[in-house]
Amino acid sequence: MQRVTCTSCGKAYDAEKAPECSCLQPVRTYRCPHCAGCFCSAPKSVVDTFWREASEEMWQRRRARAASIEPNAPPDVIARPMVLFADDDPTGRAIAARVISALGYGVAVAEDGQQALEIARSYKPDLIITDAFMPRLDGREMGRTIKRELPATKVVVITSVYKDPRYKHEALRDFQVDAYLHKPVNPTELRTTVRKFLA
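Residues numbered from 1 in each chain as written. Predicted model: local features only at pLDDT ≥ 70, side-chain atom pairs only at ≥ 80, totals over all residues. Heavy atoms only, no water.

Participant: Looking at this structure, how should I read helix α3 (residues 90-102)?
Facilitator: Three or four residues apart is the spacing at which side chains of an α-helix point the same way, because the helix has 3.6 residues per turn. Spanning 13 residues, α3 covers 18 Å between terminal C-alpha atoms, matching the ideal 18 Å at 1.5 Å per step. Among all positions in α3, only Thr91, Gly92, Arg93, Ala94, Ile95, Ala96, Ala97, Val99 and Ile100 are buried. A distance of 2.6 Å separates the backbone nitrogen of Gly92 from a side-chain oxygen at the start of α3, and that oxygen is part of Asp89. Positive phi shows up at Gly104, right after α3, with a value of about 95 degrees. (Helix = DSSP H or I, 4+ residues; strand = E, 2+ residues; numbered from the N terminus. Expected span 1.5 Å × (residues − 1). Buried < 20%, exposed > 50% of the residue type's maximum accessible area, 1.4 Å probe, protein only. Polar contact = N/O pair within 3.5 Å; in protein donor to acceptor, adjacent residues only side chain to side chain.)

Okay, here's the thing in structure tokens:
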């Protein structure tokens, strides 16, 4: 048993029996059975402490989720319109792939900015949703390159940095992306964004 105190309602519950939340977070947490809240929006130290003290069963669940991502379909058979989702967290990629494919769109995933750029050049996606900070190539820089090479492709960057409208405007101008999503992104926001750009 792994007891956890809900940061929303303050009640304790067994995380090993709780369902995972559906937030698009680098590391997802678990839903409280009392209020259905998770602790994804809690300070990073809370999540870090949870995983530092996590049982082997919790780690097995986390590894199983990360391993559930399917490889990208070839460019000539993937459904269109198509979304490329880039994130260095395997859990985030897996959740996003399921959410997007459930809408009926084709989806490919990339684990860093350089891989996303290579996939984009081959697949020519209609929409790219990318984490801002990734290894090998920054998601924002990757987005700027894509807008130069594939101007019809829409690019949305996920970040926790640009929350003030003034900074968001500067970021949209400087990196030439079409929109920003704030972390943590939940499936409802992801669905709304995909439909907005692909409708």
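Participant: Is there a simple way to think about the pairing of strand β4 (residues 106-110) in this case?
Facilitator: It is a general feature of regular strands that their side chains alternate between the two faces of the sheet. Across the five residues that make up β4, a large majority, five, are buried. Here β4 shows two buried faces, one formed by Gly106, Ala108 and Ala110 and the other by Val107 and Val109. Looking at chain direction, strand β3 (residues 82-86) and β4 are connected through five bridges and run parallel. Paired with Ala86 across the two strands is Ala110, which belongs to β4. Between β3 and its parallel partner β4, the chain crosses via α3, and the hand of that crossover is right-handed. (Pairing = 2+ DSSP bridges. Right-handed = clockwise from strand over helix to strand, strands pointing away.)

Participant: Where do I start with the packing of α3 against helix α7 (residues 187-198) in this structure?
Facilitator: Interaxial distance between α3 and α7 falls to 10 Å at its minimum, and their mutual angle equals 50 degrees. Overall, the two elements α3 and α7 adopt an arrangement that is oblique. For the crossing formed where α3 meets α7, the hand is right-handed. In this structure, α3 contributes Ala96, Val99 and Ile100 to the contact, and α7 contributes Pro187, Leu190, Arg191 and Val194. Its residues assigned to classes, the contact of α3 with α7 comprises six nonpolar, no polar and one charged. (Axes fitted to C-alpha atoms, helices over the stretch in contact; angles between N-to-C directions. Parallel < 35°, antiparallel > 145°, perpendicular 65-115°, else oblique. Left-handed = near helix turned anticlockwise from the far one by under 90°. Contact = heavy atoms within 4.5 Å. Nonpolar A, V, L, I, M, F, W, Y, C, P; charged D, E, K, R; others polar.)

Participant: Any chance you could explain the sheet that holds strand β5 (residues 127-131) here in plain terms?
Facilitator: As a general point, the strands of a sheet are linked pairwise by backbone hydrogen bonds and lie either parallel or antiparallel. Strand order in the open sheet formed by five strands is β4-β3-β5-β6-β7, with parallel pairing between adjacent strands. Single-partner strands in this sheet number two, and they are β4 and β7 (179-182). Strand after strand, the sheet turns through a mean of 20 degrees between neighbouring axes, direction not considered. In the packing of α7 onto the sheet, contacts are made with β3, β5, β6 (154-159) and β7, and the angle to β5 comes to roughly 145 degrees.

Participant: Where do I start with the nonpolar core in this structure?
Facilitator: One recurring pattern in soluble globular proteins: nonpolar side chains tend to sit buried together. Grouped together as the largest cluster of nonpolar side chains are 23 residues, with contacts concentrated most on Leu84, Ala108, Ile128, Met142 and Ile146. Mapped by element, the contributors of at least two residues to this core are β3, β4, α4 (113-123), α5 (139-149) and β6. The element best represented in this core is α4, accounting for five residues. (Core = buried A, V, L, I, M, F, W, Y, C linked by side-chain atoms within 4.5 Å.)

Participant: Help me understand the pattern of salt bridges, please; the structure alone is not making it clear to me.
Facilitator: Once the charged atoms of two side chains with opposite charge are near each other, the side chains can pair. If you walk through the whole model with that rule in mind, you get seven salt bridges. For Arg136, the salt bridge identified is with Asp112, shortest N-O distance 3.2 Å. With Arg136 in the loop between β5 and α5 and Asp112 in the loop between β4 and α4, the pair connects residues that are 24 residues apart, well separated along the chain. Under the relative-accessibility criterion, Arg136 is labelled exposed at 61%. When the shortest N-O distance is used, the salt bridge between Asp138 and Arg140 registers 3.0 Å. (Salt bridge = Lys/Arg side-chain N within 4 Å of Asp/Glu carboxyl O.)

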